[in-house]
Amino acid sequence: MTGAMPSFANGDPEFGRRVPDELGAPTGRYVVVLADDVQGDETATAEALRSVAGVANVARSSDFAAGALDVDQAESADAMVFSELGVAVVSADPDRASSIIATADEDSRVIAVEPEQILHTLAQPQALTAGYLHGFRDAASLLCDQLSETDGAAMLAEPAAAQFVDTPVMTWGLQATGVATAQPTGQGTKVAVLDTGFDGGHPDFAGRNVTAQSFVSGQTVQDGQGHGTHCIGTACGPQRPPTPPGGRRYGVDHGAHILVGKVLSNQGSGTDTNILAGIDWAIANGAKVISMSLGADIPAVSQRYETVGRRALDRGALIVAAAGNNADRSSGDVGFVGIPANSPSIMAVGAVDSQLHIAEFSARSNPVSGGQVDIVGPGVLVYSSWPMTKRYHTISGTSMATPHVAGIASLWAQQTGATGAALWSMLTRTARRLPLPSIDVGAGLAQASQ
């Protein structure tokens, strides 16, 4: 969920703001979440879909090379089944959908049937000026003073931090998270970034181990927006960017094998089909960390994403997702964590600024079960890679915080061998406690292994 400078490819500075009739809009298809004892059993899956939805022609991700479902080829099927996840997408008009839901309610082979929706990168169009940042710093400090004695969950282990700043050799975010002094490189781990794609010709990534796949109909992996390239740079950028014009390190995990899944279009949106196909592919190809800077401002937990998050953890893959940019804290609106980050089994990442204060736009914990912010990362004025010829760009958002956490998770995975739920626990246990309410920052600021 991207924030800051209004420079995305569509040219609309309001793109990605909360628009209830667009964000999370249904597509006319439905996601069928199959029970655990059906998942992975092709015969049982086919029988359940035939019984519940009346479908016979099924396209399975496992039938495609490397588990990468071709959404164009699969379009003619009655249902698309994501074999690693145990979920399917079916087309149905409203009357037929009502029948499917009613039948599924009586069938133990199905956990839920939910309308497929459209998710987005959520832009924060307001540029963050120095005046704003200073004002917000003062407001956050006052709020912290007021809450410190009354919020028992607030963590007050450390005093207010000195400001971090970008230097010619290192971004402020890498300094704040301990990446600057970390010994692990992420070598041998696989990090999947599911977003708007990647500029495969970016010179900073020459010679890197990159596997890329598009799950967006009619579009290649090439990033026509910038959001994906920026997130990949933060998670997995080089240790020493070539100079000139680079030189400043901006990437956490410079040794990882990068899995690029294009699940959002060049306009910054994607369906559940696109996103589920990317997650399914990432798990099939051994990703230990899956970074998703995307979502919709829907407060209710999605059963499809919660089930997928849980099954990913069981397979040793940790999904981290942006908490959301729907807060306007200076106006008193603290926002809420939306889908998919509000799923109990998906790690929700909020954003802090270089003063380690909560970002103006960063969403607060959602009171639904599992809807809390779990951890925070650097998310304000983050410098990273951008499609050529611009090469680098500085933007803000919980989108930018998320790949910081994803890269740090990979470092811990390399050093300790931890995966899935154990990796989640390690991230939260080693986070830097902040003098802010836990409903805003969760366990605190993610810290790299040393």
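This text gives an overview of the structure that appears in the document. (Residues numbered from 1 in each chain as written. Predicted model: local features only at pLDDT ≥ 70, side-chain atom pairs only at ≥ 80, totals over all residues. Heavy atoms only, no water.)

### Some points on empty space enclosed by the protein
Rule in force here: Here a cavity denotes grid points, spaced 1 Å and computed from the protein atoms alone, that fit a 1.4 Å probe unable to get out, and a pocket denotes an open set having protein on both sides within 12 Å along at least 5 of 7 lines; residues with an atom within 4 Å of a point are the lining. Grid points are joined across faces, edges and corners, and a volume is the space filled by probe spheres set on the points. Numbering of helices and strands starts at the N terminus; helices are DSSP runs of H or I of at least 4 residues and strands are runs of E of at least 2.
Applying the stated criterion across every chain yields a total of two cavities of 30 Å³ or more. Size it by volume and the largest cavity reaches roughly 50 Å³. What lines the largest cavity is Asp 166, Thr 171, Trp 172, Gly 173, Tyr 250, Leu 381, Val 382, Tyr 383 and His 404. The set of elements that each furnish at least two residues to the lining of the largest cavity consists of helix H5 (172-176) and strand E14 (382-385).

### Let's talk about the sheet that holds strand E3 (residues 79-82)
For the record, the criterion: In short, DSSP must find at least two bridges between two strands for them to pair. Interaxial angle, 0 to 180 degrees, is taken between N-to-C directions of lines fitted to C-alpha atoms, where a helix line uses only the stretch in contact. For this analysis, residues touch if any pair of their heavy atoms sits within 4.5 Å.
With respect to topology, six strands assemble into an open sheet ordered E2-E3-E4-E1-E5-E9, the strand pairing being mixed. Strands at the two margins of the open sheet, each flanked by one partner only, are strand E2 (58-60) and strand E9 (269-271). For this sheet, the mean angle separating the axes of adjacent strands, direction not counted, is 25°. Relative to strand E5 (residues 110-120), strand E1 (residues 26-34) runs antiparallel, the two being bridged by six bridges. Across the sheet, residue Val 33 finds its bridge partner in E5, namely Ala 112. Sheet strands in contact with helix H7 (residues 272-284) are E1, E3, strand E4 (87-91), E5 and E9, and its direction is about 80° off that of E9. Each of E1, E4 and E5 is contacted by helix H8 (residues 303-314), which is oriented at about 100° to E5, the strand it contacts most.

### Considering H8
Keep this limit in mind: One less than the residue count of a helix, multiplied by 1.5 Å, gives the span that helix is expected to have. Relative accessibility thresholds used throughout: buried, under 20% of the residue-type maximum; exposed, over 50%; partly exposed, between the two (1.4 Å probe, protein chains only).
In this model H8 runs 16 Å from its N-terminal to its C-terminal C-alpha over twelve residues, within 8% of the 16 Å that 1.5 Å per residue would give. Burial of H8 is extensive: nine of the twelve residues sit out of reach of the surface. Looking only at H8, the buried set comprises Arg 304, Tyr 305, Glu 306, Thr 307, Val 308, Gly 309, Arg 311, Ala 312 and Leu 313. Along its buried surface, H8 packs onto E1, E4, E5, H7, strand E11 (318-322) and helix H10 (420-429).

### Observations concerning the packing of helix H9 (residues 398-416) against H10
Condition: The scheme is simple: roughly parallel for angles under 35 degrees, roughly antiparallel for over 145, roughly perpendicular for 65 to 115, oblique for anything else. For any pair of crossing helices, the crossing counts as left-handed if the nearer helix is rotated counterclockwise from the farther one by less than a right angle, and right-handed if it is rotated clockwise.
Where H9 meets H10, the axes come as close as 10 Å, and the angle between the chain directions of the two elements is 110°. One element, H9, and the other, H10, form an angle in the roughly perpendicular class. The two elements H9 and H10 cross, and the hand of that crossing is right-handed. Each of Val 405, Ile 408, Ala 409, Trp 412, Ala 413 and Thr 416 in H9 lies in contact with H10, whose residues at this interface are Leu 423, Met 426 and Leu 427.

### Looking at the sheet that holds strand E6 (residues 190-195)
Strand pairing within a sheet occurs via backbone hydrogen bonds; the two strands may be parallel or antiparallel. Reading across the sheet, the seven strands line up as E7-E8-E6-E10-E11-E12-E13 and stay open at both edges, with parallel pairing between neighbours. Of all strands in the sheet, those with a lone pairing partner are strand E7 (210-214) and strand E13 (375-378), marking the two edges. On average, each strand axis in the sheet is tilted by 25° relative to the strand beside it, whichever way the strands run. Bridge count between E6 and strand E8 (residues 257-262): six bridges; the pairing is parallel. Along E8, the bridge assignment pairs Val 191 with Ile 258. Set on the sheet, H10 makes contact with strand E10 (289-292), E11, strand E12 (347-352) and E13; between it and E11 the angle comes to about 50°.

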